[in-house]
Amino acid sequence: MTAMNNLLDMTAGSLRNKLLAWGEPGYRARQIWRAVYQQQVGSFQAATSLPDSLRKRLMAEFSLGNLTPVTDLRSADGRTTKALFRLPDGKKIETVLMSYRKRRTACISTQVGCALGCQFCATGQMGFERNLTVGEIVAQALWASRLLRTEGLTLTNIVLMGMGEPFHNYANSLAALDRLSDAEGMAMGARRITVSTAGLTPAIQRFAHAGRRERLAVSLHAATDELRSSLTPVNRRYPLAPLLAACREYTELTGRRLSFEWALIDGVNDSKEQAQALCELLAGMLCHVNLIPLNPTADYSAAPTSRESAACFKAQLDAAGIPATVRVRRGLDIRAGCGQLRSQRAKAQ
């Protein structure tokens with residue numbers, strides 16, 4: 001099966017038109033849609049609300065997703081599961097499911113690889129291969145949701161923070177989110193969905209003016225252009241001044257709090273000077289800073305900041321009235337950072 005045969009790539013309208021062309025009544029499209037996105041059947045044969053003849057035709061002409069599991073790993077504490085999937089063209093992507101006390105979050109990929117080349121990111125180190133289709137993005141959320149259902153649990157949150165830059169695949173990423181938040185689809189509340197960007201200023205502005213209801217997170221990692229350009233090369237094209245102006249525009253237009261991601265790297269961006277510069281950049285903005293001790297990768301030699309340095313960094317933000325959280329790293333024993341499992345397997349092979 002190729003991606004063109006993936007039913008998850010179809011809109012409700014195109015599915016209805018296909019069924020009408022087959023001589024089926026239009027209401028069958030809604031039945032299929034509900035079976036796929038609400039009942040979350042794993043095969044057409046399991047969609048028992050459909051006549052057997054239609055199920056057989058669907059099986060002959062479509063796949064119900066096109067992710068082939070390669071391997072999956074579960075952390076020792078049982079709270080993080082990471083899956084590596086093969087796509088029809090042989091390329092591989094990762095999806096991570098993280099469980100917290102009240103939340104269960106799927107971290108979803110939007111591209112195979114990434115073109116942005118962030119120094120410390122395993123996905124950035126592998127380069128860009130291609131964009132994912134709408135169906136390939138959606139299928140990851142369905143995988144996570146089905147897995148949780150086997151444990152009597154539900155998926156509560158989705159973050160586009162896996163492999164790739166969602167705003168480099170803007171149309172497909174947002175179309176997938178529309179599918180996931182559709183009342184006739186998975187019905188995931190848009191405010192339970194977060195889109196993460198490395199800082200593509202025009203796309204942030206576009207997102208702000210589009211009236212989207214999903215949350216936005218911006219990977220910042222440094223508060224001076226010189227340091228940020230060395231860590232995240234996208235800063236050379238979209239430096240801090242216009243980026244932060246777009247972020248302020250987003251909060252003013254939407255009235256929503258924006259999140260900033262900051263990977264704390266020992267001796268690189270965890271200094272008092274960087275914390276002070278960050279306080280000045282974010283003064284008065286409706287925002288929250290997620291401080292994340294670095295997830296080490298084989299091709300980046302720096303280490304995560306110490307617990308003490310993380311606490312000091314946070315204390316400076318607190319004193320400036322900027323909300324901040326030091327996030328608990330999850331799945332270190334299964335290399336849960338984006339791109340790490342794929343890179344590890346590629347090197348082993």
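Keep in mind that this is a model prediction, so the values were computed, not measured.

**Overview of the overall build of the protein chain**
- Looking only at helices and strands, one finds 12 helices and 12 strands in the protein chain.
- For a compact globule of 349 residues, the expected C-alpha radius of gyration is about 20 Å, and the protein chain comes in at 21 Å, within 12% of that figure.
- Along the three orthogonal principal directions, the C-alpha set of the protein chain runs to about 70 × 45 × 35 Å.
- The proportion of buried residues among the 349 residues of the protein chain is 54%.
- Sequence separation of 24 or more characterises 68% of the internal contacts of the protein chain that already satisfy a separation of 6 or more.
- Split by element, the accessible area of the protein chain, about 15,100 Å² in all, is 50% carbon and sulfur.
- One way to put it: in the protein chain the 44 positive side-chain charges average out to a point 6 Å from where the 29 negative ones average out.

**A short note on helix α7 (residues 201-209)**
- Three or more residues of α7 are buried, namely Thr-201, Ala-203, Ile-204, Phe-207 and Ala-208. Projected down its long axis, α7 carries its buried residues within an arc of 160 degrees, all on one side. What points out from α7, more than 90 degrees from its buried face, is the exposed set Arg-206 and His-209.
- Those residues of α7 that are buried are in contact with α6 (170-181), β8 (193-197), β9 (215-219) and α9 (240-254).
- Two residues or fewer after α7 comes Gly-211, characterised by a positive phi angle close to 75 degrees.

**What to know about the environment of Gly-199**
- Mapped onto the fold, Gly-199 is located in the loop between β8 and α7.
- Owing to a relative accessible area of 0%, Gly-199 belongs among the buried residues under this scheme.
- Through-space distance from the C-alpha of Gly-199 to that of Arg-248 is 13 Å; in sequence the pair is 49 residues apart.
- Not counting residues up to four positions away in its chain, the partners in contact with Gly-199 are Ile-204, Val-218, Arg-228, Val-234, Tyr-238 and Leu-243.

**What about the nonpolar core?**
- Grouped together as the largest cluster of nonpolar side chains are 91 residues, with contacts concentrated most on Leu-7, Phe-260 and Val-289.
- With nine residues, helix α5 (residues 134-149) is the largest single contributor of residues to this core.
- Excluding anything up to four places from it in sequence, Phe-260 contacts Val-218, Leu-220, Leu-244, Cys-247, Leu-282, Met-285, Cys-287, His-288, Val-289 and Asn-290.
- Core analysis: the second largest hydrophobic core is formed by nine residues, Phe-120, Leu-231, Ala-263 and Ile-265 among them.

**Some remarks on the environment of Ala-47**
- The residue Ala-47 is located in the loop between α2 (27-37) and α3 (52-61) in this model.
- Separated by 143 residues in the primary sequence, Ala-47 and Ala-190 place their C-alpha atoms 27 Å from one another.
- Leave out the neighbours within four places in its chain, and Ala-47 touches Ala-35, Val-41 and Arg-55.

**Here's the deal with the sheet that holds strand β7 (residues 157-160)**
- Spatial strand order, β1-β2-β3-β4-β7-β8-β9-β10-β11-β12: 10 strands in an open sheet with mixed pairing. Both edges of this open sheet fall to β1 (68-74) and β12 (324-326), since each of them pairs with a single strand only. Averaged over all pairs of adjacent strands, the angle between strand axes in this sheet comes to 20 degrees, irrespective of strand direction.
- The sheet strands contacting helix α11 (residues 307-319) are β10 (258-264), β11 (287-293) and β12, and the helix crosses β12 at an angle near 170 degrees.

**Comments concerning the pairing of strand β4 (residues 104-107)**
- Burial of the side chains of β4 extends over both faces: Arg-104 and Ala-106 are buried on one face and Thr-105 and Cys-107 on the other.
- Pairing analysis gives four bridges linking strand β3 (residues 92-99) to β4, with the strands arranged antiparallel. Paired with Ser-99 across the strands is Arg-104, a residue of β4.
- Counted between consecutive antiparallel strands, the loop separating β3 from β4 contains four residues.

**A few points about the packing of aromatic side chains**
- Counted by the stated rule, this structure contains eight aromatic pairs.
- With a centroid separation of 6.2 Å and 45 degrees between ring planes, the pair formed by Trp-22 and Phe-62 is classed as tilted. Linking Trp-22 in the loop between α1 (12-21) and α2 with Phe-62 in the loop between α3 and β1, this pair joins segments that are 40 residues apart in sequence.
- Judged by its relative accessible area of 15%, Trp-22 falls in the buried class.
- With a centroid separation of 5.5 Å and 80 degrees between ring planes, the pair formed by Phe-85 and Trp-143 is classed as edge-to-face. Pair noted here: Phe-85 is in strand β2 (residues 80-86) and Trp-143 is in helix α5, with a separation of 58 residues, a long-range link.

Cut-offs used in this document
- Positions within a chain are numbered from 1, following the residues in the order the chain's sequence is written.
- pLDDT decides what is reported in this predicted model: residues at 70 or higher carry local features, side-chain atom pairs at 80 or more are listed and counted, and totals for whole chains, interfaces and linings draw on all residues regardless.
- Note that water and hydrogens are dropped before the side-chain values are worked out from all heavy atoms of the structure.
- Every helix listed is a DSSP run of H or I at least four residues long, and every strand listed is a run of E at least two residues long, numbered separately from the N terminus.
- The globule rule used for comparison is 2.2 Å times the number of residues to the exponent 0.38, while the radius of gyration itself is calculated over C-alpha atoms.
- Relative accessibility decides the category of a residue: with a 1.4 Å probe and only protein chains considered, values under 20% of the type maximum give buried, values over 50% give exposed, and everything between is partly exposed.
- For this analysis, residues touch if any pair of their heavy atoms sits within 4.5 Å.
- With residues, only the protein chains shown are counted as cover, and all accessible areas are computed by Shrake-Rupley using a 1.4 Å probe.
- When charges are counted, neither His nor the chain ends are considered; positive counts come from Lys and Arg and negative counts from Asp and Glu.
- Taken as the charge location is NZ of Lys, CZ of Arg, CG of Asp or CD of Glu.
- This arc corresponds to the set of directions leading from the helix axis out to the C-beta atoms.
- Among buried residues, the Ala, Val, Leu, Ile, Met, Phe, Trp, Tyr and Cys ones that are joined through side-chain atoms within 4.5 Å form a nonpolar core.
- At least two bridges found by DSSP between two strands is the condition for calling them paired.
- Convention adopted: a line fitted to C-alpha atoms gives each axis, helices being fitted over their contacting stretch, and angles between N-to-C directions are expressed from 0 to 180 degrees.
- Planes of paired rings set the category: under 30 degrees apart is stacked, over 60 is edge-to-face and the rest tilted, where pairs are Phe, Tyr or Trp rings (Trp by its six-membered ring) whose centres lie within 6.5 Å.

Everything listed is a geometric property; what it means functionally is a separate question.
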